[in-house]
Amino acid sequence: MERSHIKQEINITDTLMNRINELISHYPADKKKSALLPVLHEVQDAHDNWLSIELQNKVAEILEIQPIEVYEVVTFYTMYNQRPIGKYMFEFCQTSACCLNGVENLMDYTCNKLGVGVGEPTADGLFEVRGVECLGACGYAPMMQLGDFFQEHLTEAKIDQLIADCKDGKITLHDK
Amino acid sequence: MGRKILLDKINVPGIRTYEVYRKEGGYASVEKALKKMTPDEVVEEVKTSGLRGRGGAGFPCGMKWSFIDKKSGKPRHLVCNADESEPGTFKDRYLMEFIPHLLIEGMITSSYALGANLSYIYIRGEYMWIYKILENAIAEAKAAGWLGKNILGSGYDLELYVQIGGGAYICGEETALIESLEGKRGNPRIKPPFPAVMGLWQNPTVVNNVETIAAVPWIVNNSGADYAGIGIGRSTGTKLISASGNIKNQGVYEIDLGLSVYEFINSDEYCGGMQTDRPLKALVPGGSSVPVLPAHLIYKTAAGEDRLMTYESLADGGFASGSMLGSGGFIVYDDRACIVRNTWNFSRFYHHESCGQCTPCREGTGWMEKVLWRIENGQGREEDIELLWSIQAKIEGNTICPLGDAAAWPVAAAIRHFKDEFEYHIRFPEKIKNRNHFVAEPFEKVKHLITKQTV
């Protein structure tokens, strides 16, 4: 579905707004825009891990900047999602040390197990597999990121367990 | 056995907490600096130490500090570069994850030296759990009176915050990092003006790597001269090395600069030798951006001297037969690693991470990736090696920031030292199809197929 056709409910709770205000307080009063990256992380985490245009506009309003200033940041950095993504996003590091340790095979294994290709959410929206560039875990390869956390020294058995734990709701994505 | 300056307390139970860190002598450098030293005296100690930037560039830290503009009257800032994203490098996360107060202590002492009252730690977005560890440690330090107004009654004020990035390697470049900290895309700025004159919000700013700042407490507690006494020549002090690839003991090590590469790879204290009995094929000693060394140049320089873990020895012979210490991201390859596949992998990384601002980098990195991909996939053309050489030469030195060089050097070095492997891929496409990508048949076994007339 085209991104523009997907509705996202915007819900800036008091807790979220307090956190946003705290982040804004880390910068001089006339440099509110500096809080943009951390604010986008907080807002994205609170909105099913993606940022619709409407939500980006809301962030612009909160930070008193132009919407284009938000769009250009969201499109530049890889961690901001512009479409709905699988709830459990398996982000495999596909750089040198992980490849030396077989991450390509593990990605194939995971995709086959979930019945999807790279970048396609499962039909139930629960899982998605993505290849990302170096995550800084070369000594603990192969690895992937799941939510805020690194899953290192991966094996097929560990992936099986992770998938089962995700299905059972045992995995914490964000440490709040 | 190498001494430990940064990691000496890493195994103390609970060292991540303020209480234990303080009990172990933490924050002594802040006390000493604020009570007994002027900011200029701290700068002088760091200059004397010979400490060089540990992020990769190796620029003398004290000299960088002395460039900060004190005459403009504008607020000054210290920004810690914790945007570690270079393939092969994972040392800073180790420090921040296990001993976060060491970095915070270093930030306070260094900010005092620079006259900075508002400082930041900029950490990559992917290290979210470490971001939270740092936020917690900063809150602990503030509660204990090491941050805020009139620290230790000295009249010195400092606010310190941690800022999270959004997932972009380019933000490890200091001016791109500043742009990102201002809430913008991470596009590097043209230098000059340097950040020491016009940095964060156009104010004088120093950007230092995590490991560099973490070394400052030891220098202040002991002396610059003591630090300079460790290491060899202009490579003073200790260095964290993150070792990965086909070695037995992968991980982060603290070494005295000057250790031999042979000892680092083979002794049980460090890498413990190769993972299997397979021979060493190549080494990337300083993160993906530095030139790869072939086996015969790893332990010995072109001049036949022992290759040492120093800025100078690893660079010995220039790019023709040397490399760089860089960030200390040590990737070791055994004889089954496919150099073409690995070079393509690095090129894909730099293409993906180019900010797109400069045409040679934006277009060139993608072009190299495409050419390398077709060689790796058995569709290489005879002229491709020459083409790759020509593209990398047009990128190097022609971009605003060093990402262009970082993309060009691995390709140039791979062609320089492993040209026959590229030729083999082009000449015998049927032999490389349907194999297990990174881990291939040892190239030495098939090398006899190549003749000088081949390509």
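Residues numbered from 1 in each chain as written. Chains lettered and ligands numbered in written order. Predicted model: local features only at pLDDT ≥ 70, side-chain atom pairs only at ≥ 80, totals over all residues. Heavy atoms only, no water.

Trainee: Explain the packing of aromatic side chains residue by residue, including any values.
Mentor: The description of an aromatic ring pair rests on the distance of the ring centres and on the angle between the ring planes. Per the counting criterion, the structure on display carries 30 aromatic pairs over all chains. On the numbers, 6.2 Å between centres and 45 degrees between planes, the contact of Phe59(B) with Phe67(B) is tilted. Phe59(B) sits in the partly exposed class, given a relative accessible area of 37%. Taking the centre distance of 5.0 Å and the plane angle of 85 degrees together, the rings of Phe264(B) and Phe330(B) count as edge-to-face. Note that Phe264(B) is positioned in helix α11 (residues 261-266) and Phe330(B) in strand β11 (residues 329-334), a separation of 66 residues in sequence. For Phe264(B), a relative accessible area of 0% gives the class buried. Taking relative accessible area as the criterion, Phe330(B) reaches 0% and is therefore assigned buried. Clustering of aromatic rings is evident, with ring pairs tying together Tyr27(A), Tyr120(B), Tyr161(B) and Trp201(B). The ring of Tyr311(B) has Arg52(B) sitting right over it, with the charged end atom 4.0 Å from the ring centre. One residue, Arg124(B), lies across the ring of Tyr127(B), its end atom 5.2 Å from the ring centre. (Phe/Tyr/Trp six-rings, centres within 6.5 Å; stacked < 30°, edge-to-face > 60°. Buried < 20%, exposed > 50% of the residue type's maximum accessible area, 1.4 Å probe, protein only. Helix = DSSP H or I, 4+ residues; strand = E, 2+ residues; numbered from the N terminus. Lys NZ or Arg CZ within 6 Å of the ring centre and 35° of its normal.)

Trainee: Describe the sheet that holds strand β4 (residues 149-151) of chain A, naming the residues involved and giving the relevant values.
Mentor: All names here are of chain A. Taken in spatial order, the four strands line up as β2-β1-β3-β4 in an open sheet, and their pairing is mixed. Two strands bound the open sheet, and with one partner strand each, they are β2 (127-132) and β4. Adjacent strand axes in the sheet meet at a mean angle of 30 degrees, parallel and antiparallel pairs treated alike. With three bridges joining them, strand β3 (residues 144-146) and β4 adopt antiparallel strand pairing. Paired with Leu146 across the strands is Phe149, a residue of β4. (Pairing = 2+ DSSP bridges. Axes fitted to C-alpha atoms, helices over the stretch in contact; angles between N-to-C directions.)

Trainee: Which residues make up the pairing of strand β1 (residues 88-93) of chain A, and what values do they have?
Mentor: Residue and element names in this part refer to chain A. Burial within β1 is extensive, with six of its six residues counted as buried. Taking every second residue as pointing to the same face, both faces of β1 are buried, with Tyr88, Phe90 and Phe92 on one and Met89, Glu91 and Cys93 on the other. Relative to β2, β1 runs parallel, the two sharing six bridges. Paired with Phe90 across the bridge in β2 is Val129. Looking at chain direction, β1 and β3 are connected through two bridges and run antiparallel. Pairing of Phe92 across the sheet is with Met144, part of β3.

Trainee: Could you give an account of the UniProt feature "binding site: [2Fe-2S] cluster" (unreviewed entry) in chain A, naming the residues involved and the relevant values?
Mentor: UniProt annotation of "binding site: [2Fe-2S] cluster" (unreviewed entry) refers to Cys93(A), Cys98(A), Cys134(A) and Cys138(A) when read in the numbering used here. In terms of the greatest pairwise C-alpha distance, the residues named above, spread along 46 residues, form a tight cluster of at most 9.2 Å across. Relative to the helices and strands, Cys98(A) is located in helix α5 (residues 96-100). In this view, Cys98(A) contacts Cys93(A), Val103(A), Ala141(A), Pro142(A) and Met143(A); residues no more than four positions away in its chain are not counted. Relative to the helices and strands, Cys138(A) is located in the loop between β2 and β3. For Cys138(A), the residues in contact, after removing those within four places along its chain, are Ala97(A), Pro87(B), Gly88(B), Thr89(B), Phe90(B), Ser244(B) and Gln250(B). (UniProt positions renumbered as here; feature names shortened; annotations may be inferred. Contact = heavy atoms within 4.5 Å.)

Trainee: Let's hear about the interface of chain A and chain B: which residues, and what values?
Mentor: Listed as interface residues are 45 residues of chain A and, on the opposing side, 62 residues of chain B. Summed over both partners, the interface of chain A with chain B buries about 4,200 Å², with 55% contributed by carbon and sulfur atoms. When the area that chain A buries against chain B is broken down by residue, the three leading residues are Phe76(A), Leu100(A) and Glu133(A), summing to 16%. The tally of links between chain A and chain B comes to five salt bridges. A salt bridge links Glu152(A) to Arg93(B); its shortest N-O distance comes to 2.9 Å. (Buried area = accessible area lost by both parts, 1.4 Å probe. Salt bridge = Lys/Arg side-chain N within 4 Å of Asp/Glu carboxyl O.)

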